[in-house]
Amino acid sequence: SPRKIYSNMGIVLQNPANQFISQRVLDEVLFSLKVWNKNQTEKWYTAKAMEMLEAFQLGKYHRYSPYMLSQGQQRRLAVLSMIVGGQEILLLDEPTYGQDYRSTMAIMELLTQRVEEDGLTVIFSTHDTGLAQNWADAIFIMEDGKLKHRSLNRCKISERVI
């Protein structure tokens, strides 16, 4: 049912500041951890949140307001707050926009880990064709008002208009 789908879906908006719900960076991650990982100790939640913040180069900002972060840092926080949850589907609008190589790899590797370990379905929009070719199983392209589908495999790219 749509309700079940929506309750198992996470969304990262293009403007990450529109999705923040807490006044501290740490609390953004803690909220998702607590929603999706019931019956853990506060010590576990905090340790896990700090571990993830460090992986996304946000650990030293854990006491900051999310609104004090740069736009790139805000985007990493928004992606992180969704990745740590137990959603079955993630929709991400430009998840790596404005990120350096290291941050992009951290985001995409964590997404890939969740796909492989948890069966997560990830749908992301991007203008970065290289990113899509390196990380996506399928690419849908809007061009001249038409939706095109480009299937990927390691050897050959085939294209067909839908």
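Look above for the structure.
Residues numbered from 1 in each chain as written. Predicted model: local features only at pLDDT ≥ 70, side-chain atom pairs only at ≥ 80, totals over all residues. Heavy atoms only, no water.

J.: Residues and numbers for the pairing of strand E1 (residues 9–12), please.
T.: Regular strands place their side chains on alternate faces of the sheet. Burial of the side chains of E1 is restricted to one face: Gly10 and Val12 are buried, whereas none of Met9 and Ile11 on the reverse face is. Of the strand pairs in this sheet, E1 and strand E2 (residues 89–93) are connected by four bridges, and their pairing is parallel. Across the sheet, residue Ile11 finds its bridge partner in E2, namely Leu91. (Buried < 20%, exposed > 50% of the residue type's maximum accessible area, 1.4 Å probe, protein only. Helix = DSSP H or I, 4+ residues; strand = E, 2+ residues; numbered from the N terminus. Pairing = 2+ DSSP bridges.)

J.: Help me get a handle on the sheet that holds E2, residues and values and all.
T.: Reading across from one edge, E1-E2-E3 is the order of the three strands in this open sheet, with parallel pairing throughout. Looking at the sheet topology across the chains shown, the edges are occupied by E1 and strand E3 (121–125). Here the strands of the sheet are splayed against their neighbours by 10° on average, with no regard to which way each runs. Sheet strands touched by helix H4 (residues 71–83): E1 and E2. Its angle to E1, the strand with the most contacts, is close to 175°. (Axes fitted to C-alpha atoms, helices over the stretch in contact; angles between N-to-C directions. Contact = heavy atoms within 4.5 Å.)

J.: Could you give an account of the packing of aromatic side chains, naming the residues involved and the relevant values?
T.: A full pass over the atoms with the stated rule returns three aromatic pairs. Plain terms: the ring middles of Phe20 and Tyr67 are 5.7 Å apart, the flat faces sit at 80° to each other, and that makes the pair edge-to-face. Of this pair, Phe20 sits in the loop between E1 and helix H2 (25–36) while Tyr67 is found in the loop between helix H3 (42–55) and H4, placing the two residues 47 residues apart along the sequence. Given the relative accessible area of 42%, Tyr67 is considered partly exposed. Arranged with centres 5.2 Å apart and planes meeting at 90°, the rings of Tyr61 and Tyr64 form a pair that is edge-to-face. For Tyr61, a relative accessible area of 16% gives the class buried. (Phe/Tyr/Trp six-rings, centres within 6.5 Å; stacked < 30°, edge-to-face > 60°.)

J.: Please give an account of the packing of H2 against H3 that cites residues and values.
T.: H3 packs onto H2 with a crossing angle of 120° between their chain directions and a minimal axis gap of 9 Å. By the angle between their axes, H2 is oblique relative to H3. Of the two elements, H2 crosses H3, and the hand of that crossing is right-handed. Listed contacts from H3 to Val25, Leu26, Val29, Leu30, Leu33 and Lys34 of H2 are Glu42, Tyr45, Thr46, Lys48, Ala49, Met50 and Leu53. (Parallel < 35°, antiparallel > 145°, perpendicular 65-115°, else oblique. Left-handed = near helix turned anticlockwise from the far one by under 90°.)

J.: Now, about H3: what can you tell me, with residues and values included?
T.: Relative to the 20 Å expected for 14 residues at 1.5 Å per residue, H3 spans 20 Å between its end C-alpha atoms, a close match to the ideal helical length. Of all the positions in H3, only Tyr45, Ala49, Met52 and Leu53 are classed as buried. Summarising the axial view, the buried residues of H3 lie within an arc of 100°, below the 170-degree limit, and thus occupy one face. On its buried face, H3 sits against H2, H4 and helix H5 (101–118). Looking at the residues trailing H3, positive phi occurs at Gln57, about 55°. (Expected span 1.5 Å × (residues − 1). Arc of directions from axis to C-beta.)

J.: Please set out the nonpolar core residue by residue, giving values where relevant.
T.: Counting residues in hydrophobic clusters, the biggest one holds 31 residues, and the most contacted among them are Val29, Leu53, Phe56, Leu77 and Leu80. Among the elements of the structure, H2, H3, H4, E2 and H5 are those that each provide at least two residues to this core. At six residues, H4 tops the list of elements feeding residues into this core. Those residues in contact with Leu77 that lie beyond four places of it in its chain are Phe20, Val25, Glu28, Val29, Leu53, Leu58, Pro66 and Leu69. (Core = buried A, V, L, I, M, F, W, Y, C linked by side-chain atoms within 4.5 Å.)

J.: Before we move on, can you summarise the packing of H2 against H4 with the specific residues and values?
T.: Two numbers describe how H2 lies on H4: the axes approach to 8 Å, and their chain directions differ by 20°. With respect to H4, the axis of H2 lies roughly parallel. Regarding H2 and H4, the two cross each other, and that crossing is right-handed. Counting all contacts with H2, which are made through Val25, Glu28, Val29 and Ser32, the residues of H4 involved are Leu77, Leu80 and Ser81. A breakdown of the residues in the contact of H2 with H4 according to their chemical character gives four nonpolar, two polar and one charged. (Nonpolar A, V, L, I, M, F, W, Y, C, P; charged D, E, K, R; others polar.)

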